[in-house]
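The residues making up each chain are set out below.
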Amino acid sequence: MKLKIRVPATTANLGPGFDCLGLALDWWNSIDVETTDRGLRVEVDCPEGVEIPRNRKNLVVYGMDAVYRLAGQKRPPCRIHITTRIPIARGLGSSSAAIVGGLVAANTLLGNIYSRDELVTIATRIEGHPDNVAPALLGGLMVAAMEGKQVTVARFPVPRELRCVLFVPDLVLLTKKARGILPKRIARTDAIYNASRVALWIAALRERRWEWLEAATQDRLHQPYRAKLVPGMYALFEAAMKAGAKGAALSGAGPSIIAFAVHHGEPVARAMLQAAQRFGLAGGTRIVTVSPHGAQVRTG
Ligand code: HSE
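Residues numbered from 1 in each chain as written. Predicted model: local features only at pLDDT ≥ 70, side-chain atom pairs only at ≥ 80, totals over all residues. Heavy atoms only, no water.

1. Examining the site of the ligand
Okay, step 1: The environment of the ligand is formed by Ala-12, Asn-13, Phe-18, Asp-19, His-129, Asp-131, Asn-132, Thr-175, Arg-179, Arg-226, Gly-252 and Ala-253.
Okay, step 2: Contacts to the ligand include Asn-13, whose side-chain N or O atom sits 2.8 Å from an oxygen atom.
Okay, step 3: One of the side-chain N or O atoms of Asp-19 is found 2.6 Å from a nitrogen atom in the ligand.
Okay, step 4: Look at the ligand: alone it shows 260 Å² of surface, and the protein chains cover 98% of it.
Okay, step 5: For the shell around the ligand, the elements supplying multiple residues, two or more each, are β1 (2-13), β2 (17-35), α4 (130-138) and α5 (175-180).
Okay, step 6: Per-class residue counts for the shell around the ligand are three nonpolar, five polar and four charged.
Okay, step 7: In terms of domain composition, the shell around the ligand takes at least three residues from each of domain 1 (2-157 + 291-299) and domain 2 (162-289). (Near = heavy atom within 4 Å. Polar contact = N/O pair within 3.5 Å; in protein donor to acceptor, adjacent residues only side chain to side chain. Areas by Shrake-Rupley, 256 points an atom, 1.4 Å probe, with all protein chains shown as cover. Helix = DSSP H or I, 4+ residues; strand = E, 2+ residues; numbered from the N terminus. Nonpolar A, V, L, I, M, F, W, Y, C, P; charged D, E, K, R; others polar. Domains from an automatic or database assignment.)

2. A look at the environment of Thr-175
Okay, step 1: Take Thr-175: it is sitting in helix α5.
Okay, step 2: Put simply, Thr-175 and Pro-255 are 80 residues apart on the chain and 9.5 Å apart in space, counted from C-alpha to C-alpha.

3. Quick look at the environment of Asp-131
Okay, step 1: Within the secondary structure layout, Asp-131 lies in helix α4.
Okay, step 2: Look at Asp-131 and you get buried, because its relative accessible area is 4%.
Okay, step 3: Through-space distance from the C-alpha of Asp-131 to that of Gly-300 is 31 Å; in sequence the pair is 169 residues apart.
Okay, step 4: Once residues within four sequence positions are removed from consideration, Asp-131 is found in contact with Ala-12, Asn-13, Gly-17, Phe-18, Asp-19, Cys-20, Leu-21 and Gly-22. (Buried < 20%, exposed > 50% of the residue type's maximum accessible area, 1.4 Å probe, protein only. Contact = heavy atoms within 4.5 Å.)

4. Some points on the sheet that holds strand β7 (residues 162-169)
Okay, step 1: Taken in spatial order, the four strands line up as β8-β9-β7-β10 in an open sheet, and their pairing is antiparallel. On the outer flanks of this sheet lie β8 (247-250) and β10 (283-289), each paired with one strand and no other. Here the average twist between neighbouring strands, direction ignored, is 20°.
Okay, step 2: Bridge count between β7 and β10: seven bridges; the pairing is antiparallel. Paired with Val-168 across the bridge in β10 is Gly-284. (Pairing = 2+ DSSP bridges. Axes fitted to C-alpha atoms, helices over the stretch in contact; angles between N-to-C directions.)

As structure tokens, then:
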């Protein structure tokens, strides 16, 4: 059996929604899986030249094995070809895309025994947090709430006029490091600050009140601490807003920066690039729309 899978990049947090809000982007990795007679062969096309494991430690294989284990079965021998387009370790959900690709591959080979919602819970167990894996599986804007290991997800469609303007630095930042610098405890005032803004985000989307995004993208739980790992972070937010963005935030754990624009993102992208140059921060910009779809599979 042959499968062609594509999995979108995702941006998590959206400012205040630390570990609970995420958005699927129209930017895709591809994974081809073919069952064979023996062994495991993993091929990787990675334009960034990052060394990606080609054994069971590969996150696609790891995801497949997790689903087969859960189903009490053994993964069949297969050949896997991965084309990575989502930049790695930049806060754009590259590891979630790999895990989700593996889960979807295995679930399809097993005859779709698990629902996409169930796959969110399985993926969260592997990844640790649901905010990238949920939109990678289901598309749109996702709210994910964890109760123990169980994840409840709600999906919100996103109006087509919203543009995500990304500045992707050349520097990599591992999520583990970006989480390691966060305080263990937070003030109640900060919790209220963020909870109110998560609700405001959803309201802004529903009502198309884009002017609410300026307040809705503010955060006190992670960005102030992560600013020291991303030189020029606040300067890029400011440049984006001055150029007409409706809101700006760190994408996931960073270091990429995301600004939200309506219809036209080009002036925002230019302003972010110029601000980054002033800080000596090398990188590139990309404007993408929100993907209403999560991972897609074609069988052949
Ligand atoms: N929400 C996570 C973080 C990243 O900010 O550390 C994505 O899961």
